[in-house]
Amino acid sequence: MTAAPESLARRAEPGRVTDAQSMAVLRELLADTGLTEEAVCARTGATSIYDFTSIREGRVPGQASDALDVLIRLFLDGDLMDRAVIRQHLPDRAVHAIEGLGLLGAPRHDASKQFATVLLYPTNNLWLISDLPLTAAGSPKPLSADAVYPAITGNTRDFLSSLPRTPCNRFLEMCGGTGIAALIASRFSTRAWTADITERSTRYARFNGELNNIDNFLPVQGDLYEPVRGLTFDRIVAHPPYIAAVEQTMIYRDGGPDGEQFTRALLRGLPEFLEPGGRYFMTCVATDRVNAPLEQRVREMIGDSNAEFDVVVAERATRDPVEYFRAVAKGGESTVQDSKAKIAAYAAIQAEKLVYASMAIERHASARTPFTARRSVGGAQIGAALEWQLDWVRLRESPEFAARMLDSRVHCLEGVQIRSDQRLVGGSWNVERLEVSVETPFRTSVECSAETAAILTRCTAPILLRDLARDLVADGLVGSKGVDAAVVSLASFFVNAGCLDTELLPAPATVK
Ligand SMILES: C[S@@+](CC[C@H](N)C(=O)[O-])C[C@H]1O[C@@H](n2cnc3c(N)ncnc32)[C@H](O)[C@@H]1O
């Protein structure tokens, strides 16, 4: 058992009390103080809330010159502050409300000081609470096993960027923590559920919903899909724990011996909980194994009805398990013994690569051929890219696709690159290799023939595919037999690669 540090003796339980009046006063304080991402960044020099760095550097901890400083010091820096300084800058009724809500604690033997009991920060035009890091004055040491995961980590940023922000009806966030994805989705869905196993995360998520005055947001507690059994959803998202660990010491982090325990269980639940036509988005680390790349394994994890699903895995980064766990030990984050055990465990399951990926899965609305793909993340807004990829496959498999393509315009997308390797042979330059590459919607590079590249150069301005086919025949580049089908097939290949835009499904606007 962990002994309660003395400094926490008067710690209140955050999120237990959420009386409407105190919440309104807190909301008013945060709004009046201007606790926005921009303001925090401007005040601290951070480039984004995800890169938040303490304003403590070069200044005396606990000092503050206005209300914004006090809020940053308390709720982002986790400083121990003078009670008097807090009261100097914050209105009495605001301090009273914050205390009543259990967001301020005090050391047992120094009534002149106070500390925050939670992180409280602006993100995605919301204010959220989550648990403090170890460095904060009010943090229990060690952290409790059910600590609520902060929504301003790089991993949560990646997860959120992998989610489309398009309308949906019934949205479910699994492994929700603060409830961040469902809170954002409450803006474009009819109802947004967030589910988490811990009472603590569920309580904080409820607090976050109330703080932001959101009434179509429903936090529920239980193991994986248990709390939503009997319901179905048209969008499900998850950022599960995925660090390999035999025992679950930190509930937000540890994902079983191979790190895939929750990933597997979440995928296995899709046939029951995802509606036909619905989509699932997940960001996690999982493995490529010998003769079993991750995208194929994801398909298998869905279970017997996996042929009803399309699977797109967008790789963010890959690591060799041996190198990775050696580096972890070298960096002091684990013991050499632990690192060796992990390397042996990964070798035993024939894991070749650790893959940090965001994936999208669609359940077919009607019977069609299943699609499986592996892509590489290029731009930042991968959610739009994943959504587009699934839309494209759905379109490509639809009736009359070839005829519709022929009667639509295509054009080369801005930023497409064509590289050629040439060799001087007998006084003339021979093209030995041509490569077409793009960064968005996915990082792609494909080798192609000179004839194919020449076709791309004819699409600088929008051109009807039927006219392109006719021009190619007229210029003697291809024969007339089967030209329409060949041109549709080639154009489809380049649309899928992200080189060509078709007016049937414009390429997503992705930020580089
Ligand atoms: C990495 S955190 C993600 C939190 C949040 N979605 C985010 O992206 O910031 C993983 C979450 O999974 C929850 N979790 C762990 N085991 C679970 C289970 N069996 N069922 C439901 N949630 C679980 C943890 O409590 C934690 O909140």
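Just so you know, these numbers come straight off a predicted model, no measurement behind them. (Residues numbered from 1 in each chain as written. Predicted model: local features only at pLDDT ≥ 70, side-chain atom pairs only at ≥ 80, totals over all residues.)

**Some points on the domain arrangement of the protein**
The following threshold applies: Where each domain starts and ends comes from a domain assignment, either automatic or drawn from a database.
Domain boundaries assigned for the protein yield domain 1 (6-123), domain 2 (280-396) and domain 3 (403-502). Inter-centroid distance (C-alpha atoms) of domain 1 to domain 3 is 58 Å.

**Section: the nonpolar core**
Which entries qualify depends on this criterion: For our purposes the nonpolar core covers buried Ala, Val, Leu, Ile, Met, Phe, Trp, Tyr and Cys residues that link as a set through C-beta atoms within 7 Å. Backbone-placed C-beta atoms define the burial measure: a residue is buried with 20 or more other C-beta atoms within 10 Å of its own, exposed with 12 or fewer, and partly exposed in between. By the convention adopted here, residues make contact when the C-beta atoms placed from their backbones lie within 7 Å.
Phe-75, Ile-236, Ala-314, Met-359, Ala-491 and Cys-499 are the most contacted members of the largest nonpolar core, which totals 135 residues. Ignoring sequence-local partners within four residues, the contact set of Ala-314 consists of Ala-357, Ser-358, Met-359, Arg-375, Ser-376, Val-377, Ile-382, Leu-386 and Phe-442.

**Observations regarding the site of the ligand**
How we decide: Any residue whose C-beta atom, as placed from the backbone, lies within 6 Å of a molecule or strand is termed near it. Secondary structure is summarised from DSSP: a helix means a run of H or I of at least four residues, a strand means a run of E of at least two, and numbering begins at the N terminus for each. Residues were grouped as follows: Ala, Val, Leu, Ile, Met, Phe, Trp, Tyr, Cys and Pro as nonpolar; Asp, Glu, Lys and Arg as charged; and all remaining residues, including Gly, as polar.
Around the ligand sit 22 residues, and of these Thr-156, Cys-175, Gly-177, Ile-197 and His-239 come closest. Going through the elements one at a time, helix H6 (154-161) and helix H7 (180-185) are the ones with two or more residues in the shell around the ligand. A breakdown of the residues in the shell around the ligand according to their chemical character gives 13 nonpolar, 7 polar and 2 charged.

**Focus: the pairing of strand S5 (residues 126-130)**
To be explicit about the condition: In this description, strands pair whenever DSSP reports at least two bridges between them.
Of all 5 residues making up S5, 4 are buried, and the element is well covered by its neighbours. When strand S4 (residues 119-123) meets S5, the two strands line up antiparallel, connected through 5 bridges. Across the sheet, the residue bridging to Thr-123 is Leu-126, located in S5. Linking S4 to S5, which pair antiparallel, is a turn of 2 residues; within it Asn-124 sits at a positive phi near 50°.

**Thoughts on helix H14 (residues 382-396)**
Heads up, the rule is: Expected helix span is taken as 1.5 Å per residue step, with the number of steps being one fewer than the number of residues.
Look at H14: 21 Å from first C-alpha to last across 15 residues, which is about the 21 Å you get at 1.5 Å a residue. Those residues of H14 not exposed but buried are Ile-382, Gly-383, Ala-384, Ala-385, Leu-386, Glu-387, Trp-388, Gln-389, Trp-392 and Val-393. The inward-facing, buried residues of H14 abut H6, strand S10 (274-289), strand S11 (309-319), strand S12 (351-363), strand S13 (372-376) and helix H18 (483-497).

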